[in-house]
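The primary structure of each chain is shown beneath.
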Amino acid sequence: EPEVTQTPSHQVTQMGQEVILRCVPISNHLYFYWYRQILGQKVEFLVSFYNNEISEKSEIFDDQFSVERPDGSNFTLKIRSTKLEDSAMYFCASMGQGARNTEAFFGQGTRLTVV
Amino acid sequence: AQTVTQSQPEMSVQEAETVTLSCTYDTSENNYYLFWYKQPPSRQMILVIRQEAYKQQNATENRFSVNFQKAAKSFSLKISDSQLGDTAMYFCAFMKGVGNQFYFGTGTSLTVIP
């Protein structure tokens, strides 16, 4: 069964460092997302990406964040200068096109710890 | 803006019994999609069941079924014959249209007791 894969599974970084979280969405999907979940809290939307551009972003997704689909298969989330409050589980998701494809498939997540 | 509310932070059920998880939402949209996702300790989000708002018939998937009340903006999940593997966090989610973001509730932690 096709799946969304994320790497790394766990990343520890020092405050102020840049991190890149990587995702390989399902190959024929067209919509891509990043969500985050601070421990014990709700899942929060960060950004959605369609047709090689950001289609929607939340207030959390400020200038420190960027997304890219550099080679047609990977979908990355970059945090330019990490803060302690960026510590969270980051989930990538992808979705196909059309009314029949309303399921968002999630990756297993990357646990980011900023120290 | 859309909001999703899950008023039960924690629930427990005896194995083989039935449990219902509550979810309400607020939207001005007429057509939308509702979902229940399961997040086991492995942390990956797995789709349990989905409902299109334009469909009056409640969705069912094996032991999982929903009670969708559009006028009341209520979308509860019923798990029948609960199994130990059902122990997980359950999130209710709303999506305005295909490709739009998901709005998640705060989750209900369900424990199935042997």
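What counts and how
- Residues numbered from 1 in each chain as written.
- Chains lettered and ligands numbered in written order.
- Predicted model: local features only at pLDDT ≥ 70, side-chain atom pairs only at ≥ 80, totals over all residues.
- Heavy atoms only, no water.
- Core = buried A, V, L, I, M, F, W, Y, C linked by side-chain atoms within 4.5 Å.
- Buried < 20%, exposed > 50% of the residue type's maximum accessible area, 1.4 Å probe, protein only.
- Helix = DSSP H or I, 4+ residues; strand = E, 2+ residues; numbered from the N terminus.
- Pairing = 2+ DSSP bridges.

## Focus: the nonpolar core
Residue and element names in this part refer to chain B.
Here is step 1 of the chain: Within the largest apolar cluster, 25 residues are counted, with the highest numbers of intra-cluster contacts made by Tyr25, Trp36, Phe75, Leu77 and Tyr90.
Here is step 2 of the chain: Residue assignment for this core shows that the elements contributing at least two residues are β3 (19-21), β5 (33-39), β6 (46-52), β8 (64-69), β9 (74-79), β10 (88-95) and β12 (108-113).
Here is step 3 of the chain: Looking at which element gives the most residues to this core, the answer is β10, with 4 residues.

## Side note on the side chain of Ser65 of chain B
Here is step 1 of the chain: Positionally, Ser65 of chain B belongs in strand β8.
Here is step 2 of the chain: When its relative accessible area of 16% is taken as the criterion, Ser65 of chain B is described as buried.

## Observations concerning the pairing of β9 of chain B
All names here are of chain B.
Here is step 1 of the chain: With 5 of its 6 residues buried, β9 lies for the most part within the structure.
Here is step 2 of the chain: Inspection of the sheet shows β3 paired to β9 by 3 bridges, in the antiparallel sense. Looking across to β9, one finds that Thr20 is bridged to Lys78.
Here is step 3 of the chain: Alignment of β8 against β9, held across 6 bridges, turns out to be antiparallel. Across the sheet, Ser65 pairs through a bridge with Lys78, a residue of β9.
Here is step 4 of the chain: Connecting β8 to the antiparallel partner β9 that follows it, the hairpin turn spans 4 residues, and Lys73 within it adopts a positive phi of roughly 55°.

## Some details on the pairing of β5 of chain B
All names here are of chain B.
Here is step 1 of the chain: The buried count for β5 comes to 7 of 7 residues, which makes it a mostly enclosed element.
Here is step 2 of the chain: Of the two faces of β5, the one carrying Tyr33, Phe35, Tyr37 and Gln39 and the one carrying Leu34, Trp36 and Lys38 are both buried.
Here is step 3 of the chain: In the sheet, β5 pairs with β6 via 6 bridges, with the strands oriented antiparallel. Residue pairing in the sheet places Leu34 in a bridge with Gln51 of β6.
Here is step 4 of the chain: Connecting β5 to the next strand, β6, in antiparallel fashion are 6 residues, including Arg43 with a positive phi near 85°.
Here is step 5 of the chain: Bridge count between β5 and β10: 7 bridges; the pairing is antiparallel. Pairing of Lys38 across the sheet is with Tyr90, part of β10.

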